[in-house]
Amino acid sequence: MNAIPAVSSDVPEQRSEEPESVPDTWQERARALVVRFGPAVWCYAVLKLIGFTVFMKLLSFAGDYAKKPARFGGGANTWDVLASWDGWWYQQVAQFGYHPALIPVPGGQPGFTIEQNSAAFFPLYPGLMRLTSDVTGLGLYGAGMLVSILASLFAAAGIYAVVDRMSGPRAGVIAAGIWAIAPGSGAEWAVYSDSLFVALASWACYFVMTKQWVTAGVITLIAGLNRPTAAALIGAVGLAALVELNRRESGVLRPLAAMLLAPVGLLGYVAWVGWRTGEWGGYFRLQHDSWLHYFDWGQGTWHSIRGVLLGRGDYPFAFPVPDLLATLIVFSLPVLIVLLIRLRPPLVLTAYTLATIVSVLGSLGIFGNVSRYLLPAFPLFIALAVGMRKLSWPVLAAVLGTGAVASGWYAGYVLFELGVP
């Protein structure tokens, strides 16, 4: 893997060339893992806890959640908000399973001609919810939160592993911290599948970077059972494997296995939904006619940004505050992309990030959710982490801590209470 220079002209941190001793016992291996990943995971967890606490306090202070139905951003308690919206659907899948069907809505409005169905939500996360609930005795809500929180810690470790390999451990810790306070990070500790997907995506990218092709293919297969956004990861892993096949540095069988394994989960679930609904494009029909979420070549994004800039709400799913933040995020993307490419990251990271951005901005959906939809694009934070690693730890604590406090509003309250996550 190429050494990645820092944003400045300073020489990047160098990794020792001396071979490290391999731990013999499981205690030594566990201790080595704690030493390696502990700082990043603790940094993430502390920052996330600060933002989460602020989010809960804002919910309590406003009190609006008590006036809303539990399914739509409300509930008897502040924490019930975390299981609303998509969280309600995940609980339905975990409790009752799937019953895929394409049922027309009599006199339905344009874009909502088919009844909404839980088959639009992929099975891995609700399956883990159900398994965790059965094993621990927790209810589905508690199990969903436990899965999300644990997955977020694995995601922080995966982000650290990727960035550490590129730019050293200090940048890796900072990158994990930035992910804790990123726009859209309110979905990380909620009954949502986002943390689980980022955990899988980050580790899949890491295993591609370390040329562990079969492992990368298997993890990508599993990610394909979690979210449709796995298509970006599948494409990135497949492209990296294809380039590796051309170079012949890892032989033929392992990269080829990664290419063949990667799409199986996503394609398998989409095919199953099609079979059960009696229409091979049944999953995409649900997305299009039940949820108004489909690839429209960026028309929806353009209309939303135009509406925000002109102060109009004449576009689908208009939410003033979330949409304004989403517009600012979109305007920041070219800068973040240039800074990332300037670091010359591995192909898998570049392809995965660009494919994720294209799929988000090119699709019609709730524009205010751009912050959440871009949450998997963690490589965008790498250049920021590399640039910030020259700061002293007290200064970093002040910067990231302030961001954590603010994230309770922009990444939590705005997403769940002022919009529809």
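These figures come from a predicted structure and were not determined experimentally.

**Some words on the side chain of Thr356**
So, step 1. Along the chain, Thr356 falls in helix H14 (residues 347-361).
So, step 2. A distance of 2.8 Å separates the side chain of Thr356 from the backbone oxygen of Tyr352, its partner in a polar contact.
So, step 3. Contact partners of Thr356, with chain neighbours within four places excluded, come to Ala232, Tyr373 and Ala377.

**Examining the nonpolar core**
So, step 1. One finds Trp179, Leu349, Tyr352 and Phe378 to be the most contacted residues of the largest nonpolar core, which totals 128 residues.
So, step 2. The residues touching Tyr352, leaving out its near neighbours within four places in the chain, are Phe197, Ala201, Cys205, Ala232, Leu233, Ala236, Pro376, Ala377, Phe378 and Pro379.

**Observations regarding unusual backbone geometry**
So, step 1. Positive phi, close to 55°, is recorded for Leu292, a residue that is not glycine.
So, step 2. Mapped onto the fold, Leu292 is located in the loop between helix H11 (282-289) and strand S1 (294-295).
So, step 3. Despite not being glycine, Arg344 shows a phi value in the positive range, around 55°.

**Some remarks on the environment of Pro183**
So, step 1. Residue placement: Pro183 occurs in the loop between helix H5 (169-181) and helix H6 (194-209).
So, step 2. A sequence separation of 22 residues divides Pro183 from Ala161, and the C-alpha atoms of the two residues are 22 Å apart.
So, step 3. The contacts of Pro183, once residues within four sequence positions are left out, are Ile329, Ser371, Leu375, Tyr410 and Ala411.

**What to know about the confidence of the model for the protein**
So, step 1. Predicted confidence across the protein gives a mean pLDDT of 92, with 94% of residues reaching 70 or more.
So, step 2. Note on residues 1-20: pLDDT under 50 across the span, and 29 contacts to partners over four residues away in sequence or across chains.

**Description of the pattern of salt bridges**
Here the idea is simple: oppositely charged side chains can pair when their charged atoms come close.
So, step 1. Overall, the coordinates contain 11 salt bridges when judged by the stated rule.
So, step 2. Across the pair Glu244 and Lys211 runs a salt bridge, and its minimum N-O distance is 3.2 Å. Placement of Glu244 in helix H8 (residues 230-247) and of Lys211 in the loop between H6 and helix H7 (213-223) is noted, with a sequence separation of 33 residues between them.
So, step 3. On the accessibility criterion, Lys211 (31% relative accessible area) is partly exposed.
So, step 4. For the salt bridge of Glu249 with Lys211, the shortest nitrogen-to-oxygen distance reads 3.9 Å. Taken together, the residues Glu249 in the loop between H8 and helix H9 (253-261) and Lys211 in the loop between H6 and H7 connect sequence positions 38 residues apart.

**Let's talk about H11**
So, step 1. Of all the positions in H11, only Gly282, Tyr283, Leu286, Gln287 and Asp289 are classed as buried.
So, step 2. In this structure, the buried side of H11 is in contact with helix H10 (264-277).

**With respect to a nonpolar patch on the surface**
So, step 1. On the surface, Leu138, Leu146, Leu150 and Phe154 cluster together into a nonpolar patch covering about 350 Å² of accessible area.
So, step 2. With respect to the secondary-structure elements, Leu146 resides in helix H4 (residues 140-167).
So, step 3. Owing to a relative accessible area of 32%, Leu146 belongs among the partly exposed residues under this scheme.

**What about the packing of aromatic side chains?**
So, step 1. One pass over the structure, following the stated rule, counts 25 aromatic pairs.
So, step 2. Seen in terms of ring centroids, Phe122 and Tyr269 are 4.6 Å apart; in terms of plane orientation they differ by 50°. Their pairing is tilted. Placement of Phe122 in the loop between helix H2 (86-96) and helix H3 (124-136) and of Tyr269 in helix H10 is noted, with a sequence separation of 147 residues between them. When sorted by exposure, Phe122 lands in the same class as Tyr269, which is buried.
So, step 3. What links up through ring pairs into an aromatic cluster is the set Trp88, Trp89, Tyr90, Phe121, Tyr125 and Trp291.
So, step 4. The ring of Trp88 has Arg71 lying over it, and the distance from NZ or CZ to the ring centre is 3.8 Å.
So, step 5. Lying across the ring of Trp393, Arg170 places its NZ or CZ 4.3 Å from the centre.

**A short note on the packing of H6 against H14**
So, step 1. Running from N to C, H6 and H14 point in directions that differ by 150°, and their axes come no closer than 9 Å. Contacts between H6 and H14 involve Phe197, Ala201, Cys205, Val208 and Met209 from the first element and Val348, Leu349 and Tyr352 from the second.
So, step 2. For the contact of H6 with H14, the residue count by class is 8 nonpolar, no polar and no charged.

**Quick notes on the packing of H10 against H11**
The relative placement of two packed helices is expressed as an angle between their axes plus a distance between the axes.
So, step 1. As a packed pair, H10 and H11 sit with axes 7 Å apart at the nearest point and diverge in direction by 85°. With respect to their mutual orientation, H10 and H11 come out roughly perpendicular. Listed contacts from H11 to Tyr269, Val270, Val273, Gly274 and Thr277 of H10 are Gly282, Tyr283 and Phe284.
So, step 2. The residue inventory of the contact of H10 with H11, partitioned by class, reads 5 nonpolar, 3 polar and no charged.

**A closer look at the environment of Lys390**
So, step 1. In this structure, Lys390 sits in the loop between helix H16 (382-388) and helix H17 (393-416).
So, step 2. Residue Lys390 is classed as exposed on the basis of its relative accessible area, which comes to 57%.
So, step 3. Along the backbone, Lys390 and Arg170 are 220 residues apart, and their C-alpha atoms lie at a distance of 9.1 Å.

Scoring rules and cut-offs
- Residues numbered from 1 in each chain as written.
- Predicted model: local features only at pLDDT ≥ 70, side-chain atom pairs only at ≥ 80, totals over all residues.
- Heavy atoms only, no water.
- Helix = DSSP H or I, 4+ residues; strand = E, 2+ residues; numbered from the N terminus.
- Polar contact = N/O pair within 3.5 Å; in protein donor to acceptor, adjacent residues only side chain to side chain.
- Contact = heavy atoms within 4.5 Å.
- Core = buried A, V, L, I, M, F, W, Y, C linked by side-chain atoms within 4.5 Å.
- Buried < 20%, exposed > 50% of the residue type's maximum accessible area, 1.4 Å probe, protein only.
- pLDDT = per-residue confidence, 0-100.
- Salt bridge = Lys/Arg side-chain N within 4 Å of Asp/Glu carboxyl O.
- Patch = residues over 30% accessible without salt bridge, like charges linked within 9 Å, V, L, I, M, F, W, Y side chains within 5 Å.
- Areas by Shrake-Rupley, 256 points an atom, 1.4 Å probe, with all protein chains shown as cover.
- Phe/Tyr/Trp six-rings, centres within 6.5 Å; stacked < 30°, edge-to-face > 60°.
- Lys NZ or Arg CZ within 6 Å of the ring centre and 35° of its normal.
- Axes fitted to C-alpha atoms, helices over the stretch in contact; angles between N-to-C directions.
- Nonpolar A, V, L, I, M, F, W, Y, C, P; charged D, E, K, R; others polar.
- Parallel < 35°, antiparallel > 145°, perpendicular 65-115°, else oblique.

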